[in-house]
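Residue-level listing of the chains:
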Amino acid sequence: MTTIRAKIAQRALAPGERLPSIRKLSATLEVSPSTVVEAYDRLAAEGVIRPRPGSGFYVTGSSTPFALIAAEPNLDRAIDPLWVSRQSLDIGAGAFKPGCGWLSAEWMPLDAIRRAMRSLSRCDSAVLADYGPTHGYPPLRQLLARQFAAEGLAVGADQILLTSSGTQAIDLLCRFLLQPGDTVLLDDPCYFNFQALLRAHRVKVVGVPMSATGPDLDRFVEAVKTRKPRMYITNSAIHNPTGATLSPQVAHQILVAAAEHGVTIVEDDIYADFEPDPSARLALLDGLSRVIRIGSFSKTLSAGLRCGYIVARRDWIEGLLDLLVATSFGGPNPVAAALVATVLQDGSYRKHLGDVRRRLARRRTDVAGQLAGLGIVPWLMPRGGFNLWCKLPGHRDGGAIAMAALRDNVVLAPGNVFSVSQSSPDFMRVNVTQMTDPHCFKVLARVLAEPN
Ligand SMILES: Cc1ncc(COP(=O)(O)O)c(C=O)c1O
């Protein structure tokens, strides 16, 4: 019954479509025909399907709204990416959130943002009232083009498309490059919303295990050869959640395999500004031939402004712009883009990054030391950023620990939320900036002391 319901929710069975015969489904699912009869009767009683005498059972006419949760019906809520994201976003102000994936307000350059807001109140009225050009606020695109050129990625401002977020950038690229049923490679573990977003695009996801220097190369090459993916999505710099950094050797091999098998790579650079100095980048090595760079200011400036970007080869921009207009009539709010440009231009952003990198380096070391007291050990010490990918002691189950901690108002991010293959049950991602209050350590100690 769950299988049929999920297929209808995912629209794999359309309204009016005939269901498999009782005999066929009982053979496929290896259950008795009477179990199938009972399930069909129940679904018919609910009005989800309808019998036609002498012909079989059919999905009823009304289309069921697409339910993301039903697209992965076997996931325990504790390790469901959608649930963990919504917990972090919606839980009340008094909660502690070491499982959330952003910096809280006191880490952001609030004075610079407020100054920029004041100066924007005097800006051109068109910025305050109009939609703005489809590519996005020109001064910000020009600024980004200069910044990328300084890194060695020579692009014109016309190759940069502003989006309302990193998430919107990836969504747009999925619309542009994928069809339902296509296969996409992800790092395993990876940022959990990649999986949720890809579910919405109804594509198959294949995970490649991560190493400290990028995806495991043998497994990557094998997956590219045998699973024929259309796309690979990764963070080369300060990988979420592991903190890994792509090495130039691995980067080269990824590009060779991707070129041989026609895979497009989406390099999500959202954490790159936390790096003390730039590491290997696929977009740079490839010159944007089959790599698309995306980024956003959610982690380093403000998550609330909602401003991101896509940098892609010139002949793909037109198609992406059409999709951007069709789906949202433009990218970020022009006022938000102008605000980002102001903070970038006046030097506040650069100074803020320097301060934040230094503070985060100290915080990572402090929190790792305190976690060690609980037997929780980082998989590696990242070169930057605020996440530690940690192994729990005694093979404890991260999902159960997260559920127990939630009762004490502590939101944790259990390992399997990030794992495509569900192979990280005894891991947890810890945001070191949100892991400061003694309450978090006390709750962790208590739930770890409980039996598994
Ligand atoms: C790797 C990665 N990409 C994208 C995002 C989403 O960022 P945005 O707020 O720009 O949609 C996140 C947020 O956690 C992330 O970790």
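As the structure is a computational prediction, the values presented were derived from the model and not from experiment. (Residues numbered from 1 in each chain as written. Predicted model: local features only at pLDDT ≥ 70, side-chain atom pairs only at ≥ 80, totals over all residues. Heavy atoms only, no water.)

S.K.: Mind showing me how you'd approach the pairing of strand E1 (residues 49-52) here?
M.R.: Walk down a regular strand and you will see the side chains alternate between the two sheet faces. With four bridges connecting them, E1 and strand E2 (residues 56-59) associate as antiparallel partners. Bridging from a neighbouring strand, Pro 51 pairs with Phe 57 of E2. Where E1 folds back onto E2 in an antiparallel hairpin, the turn is made up of three residues, including Gly 54, whose phi is positive at roughly 80°. (Pairing = 2+ DSSP bridges. Helix = DSSP H or I, 4+ residues; strand = E, 2+ residues; numbered from the N terminus.)

S.K.: Whenever I open this one, the site of the ligand confuses me. Can you help?
M.R.: Taken together, 14 residues form the shell around the ligand, and within it Gly 166, Thr 167, Asp 268, Ser 298 and Lys 299 come nearest. Asp 268 has a polar side-chain atom sitting 2.5 Å from a nitrogen atom of the ligand. Ser 298 is positioned such that a nitrogen or oxygen atom in its side chain is 2.7 Å from an oxygen atom of the ligand. In isolation the ligand exposes 400 Å². Once the protein is present, 94% of that is buried. (Near = heavy atom within 4 Å. Polar contact = N/O pair within 3.5 Å; in protein donor to acceptor, adjacent residues only side chain to side chain. Areas by Shrake-Rupley, 256 points an atom, 1.4 Å probe, with all protein chains shown as cover.)

S.K.: Would you take a moment to explain the nonpolar core for this structure?
M.R.: Note that soluble globular proteins tend to have their nonpolar side chains buried in a common cluster. Leu 140, Leu 144, Ile 160, Phe 297 and Leu 344 are the most contacted members of the largest nonpolar core, which has 51 residues in total. By residue number, the principal contributor to this core is helix H14 (residues 334-345), which donates eight residues. Leaving out residues up to four positions away in the same chain, Leu 144 has contacts with Ile 160, Leu 162, Phe 297, Tyr 309 and Leu 344. (Core = buried A, V, L, I, M, F, W, Y, C linked by side-chain atoms within 4.5 Å. Buried < 20%, exposed > 50% of the residue type's maximum accessible area, 1.4 Å probe, protein only. Contact = heavy atoms within 4.5 Å.)

S.K.: So what exactly am I meant to see when it comes to unusual backbone geometry here?
M.R.: Phi is mostly negative for residues that are not glycine, and the peptide bonds are mostly trans. With an omega of 10°, the peptide bond between Asp 188 and Pro 189 qualifies as cis. Topologically, Pro 189 is positioned in the loop between strand E4 (183-188) and helix H9 (192-200). Across the junction of Asn 240 and Pro 241, the peptide omega takes the value 10°, indicating a cis bond. Its location among the elements puts Pro 241 in the loop between strand E7 (231-234) and helix H11 (248-261). Located in the positive-phi region is Glu 30, a residue other than glycine, with phi close to 55°.

S.K.: Can you walk me through the layout of surface pockets in this structure?
M.R.: Unoccupied space between atoms shows up once a probe the size of one water molecule is rolled over them. In this structure, the largest pocket occupies an estimated 700 Å³ of space. Looking at the largest pocket, it is lined by 27 residues, and the ones nearest its centre are Gln 147, Glu 151, Asp 273, Tyr 349 and Leu 353. Secondary structure elements with two or more residues in the lining of the largest pocket: helix H7 (138-151), strand E9 (291-296), H14 and helix H15 (348-372). The leading source of residues in the lining of the largest pocket is H7, at six residues. Tallied by class, the residues present in the lining of the largest pocket amount to 13 nonpolar, five polar and nine charged. A domain-level breakdown of the lining of the largest pocket finds at least three residues from each of domain 2 (83-108 + 349-449) and domain 3 (110-346). In this structure, the second largest pocket spans a volume of roughly 570 Å³. Surrounding the second largest pocket, 30 residues form its lining, Trp 102, Thr 167, Tyr 191, Asn 193 and Lys 299 being those nearest its centre. Elements with a contribution of two residues or more to the lining of the second largest pocket: helix H4 (81-90), helix H8 (166-177) and H9. Top element by residues in the lining of the second largest pocket is H4. It accounts for six residues. (1 Å grid on protein atoms, 1.4 Å probe; cavity = no way out; pocket = protein on both sides within 12 Å on 5 of 7 lines; lining within 4 Å. Points joined across faces, edges and corners; volume = space filled by probe spheres on them. Nonpolar A, V, L, I, M, F, W, Y, C, P; charged D, E, K, R; others polar. Domains from an automatic or database assignment.)

S.K.: Before we go on, may I ask you to explain the pattern of salt bridges in this structure?
M.R.: Side chains that differ in charge, positive against negative, can pair when their charged atoms come close. Across all of its chains, the model carries 17 salt bridges by this definition. The shortest N-O distance in the salt bridge between Asp 171 and Arg 175 comes to 3.0 Å. Remark: Arg 175 and Asp 171 occur in helix H8; sequence separation between them is four residues, near one turn of the helix. Of the charged contacts in the structure, one is a salt bridge between Glu 275 and Arg 383, with a shortest N-O distance of 2.8 Å. Of this pair, Glu 275 sits in the loop between strand E8 (264-268) and helix H12 (282-286) while Arg 383 sits in the loop between strand E11 (377-378) and strand E12 (387-391); the two residues are 108 residues apart in sequence, bridging distant segments of the chain. Several salt bridges converge on common partners, so that one network encompasses Glu 151, Asp 269, Glu 275, Asp 277, Arg 281, Arg 293 and Arg 383. (Salt bridge = Lys/Arg side-chain N within 4 Å of Asp/Glu carboxyl O.)

S.K.: It is not clear to me how a positive patch on the surface should be interpreted in this structure. Could you clarify?
M.R.: Judged by side-chain charge, Arg 114, Arg 115, Arg 118 and Arg 122 come together as a positively charged surface patch. For Arg 122, the location among the structural elements is in the loop between helix H5 (110-120) and helix H6 (125-129). (Patch = residues over 30% accessible without salt bridge, like charges linked within 9 Å, V, L, I, M, F, W, Y side chains within 5 Å. Lys, Arg positive; Asp, Glu negative; His and termini not counted. Charge placed at Lys NZ, Arg CZ, Asp CG, Glu CD.)

S.K.: What should I look at first to understand the domain arrangement of the chain in this one?
M.R.: Note on interface size: it is often stated as the accessible area lost on association of the parts. Each assigned domain of the chain is listed here: domain 1 (2-59), domain 2 (83-108 + 349-449) and domain 3 (110-346). Taking only C-alpha atoms into account, the centre of domain 2 sits 24 Å from that of domain 3. Across the boundary between the two partners, domain 2 contributes 29 residues, which contact 38 residues of domain 3. For the domain 2 and domain 3 pair, buried surface summed over both sides reaches about 2800 Å², with 59% attributable to carbon and sulfur atoms. Run the count over domain 2 and domain 3 and you get 17 residue pairs in polar contact (both at pLDDT 80 or more). Elements supplying a minimum of two residues to the side of domain 2 that touches domain 3: H4, H15 and E12. Considering each element in turn, the side of domain 2 that touches domain 3 owes the most residues, six residues, to H15. Tallied by class, the residues present in the side of domain 2 that touches domain 3 amount to 17 nonpolar, nine polar and three charged. (Buried area = accessible area lost by both parts, 1.4 Å probe.)

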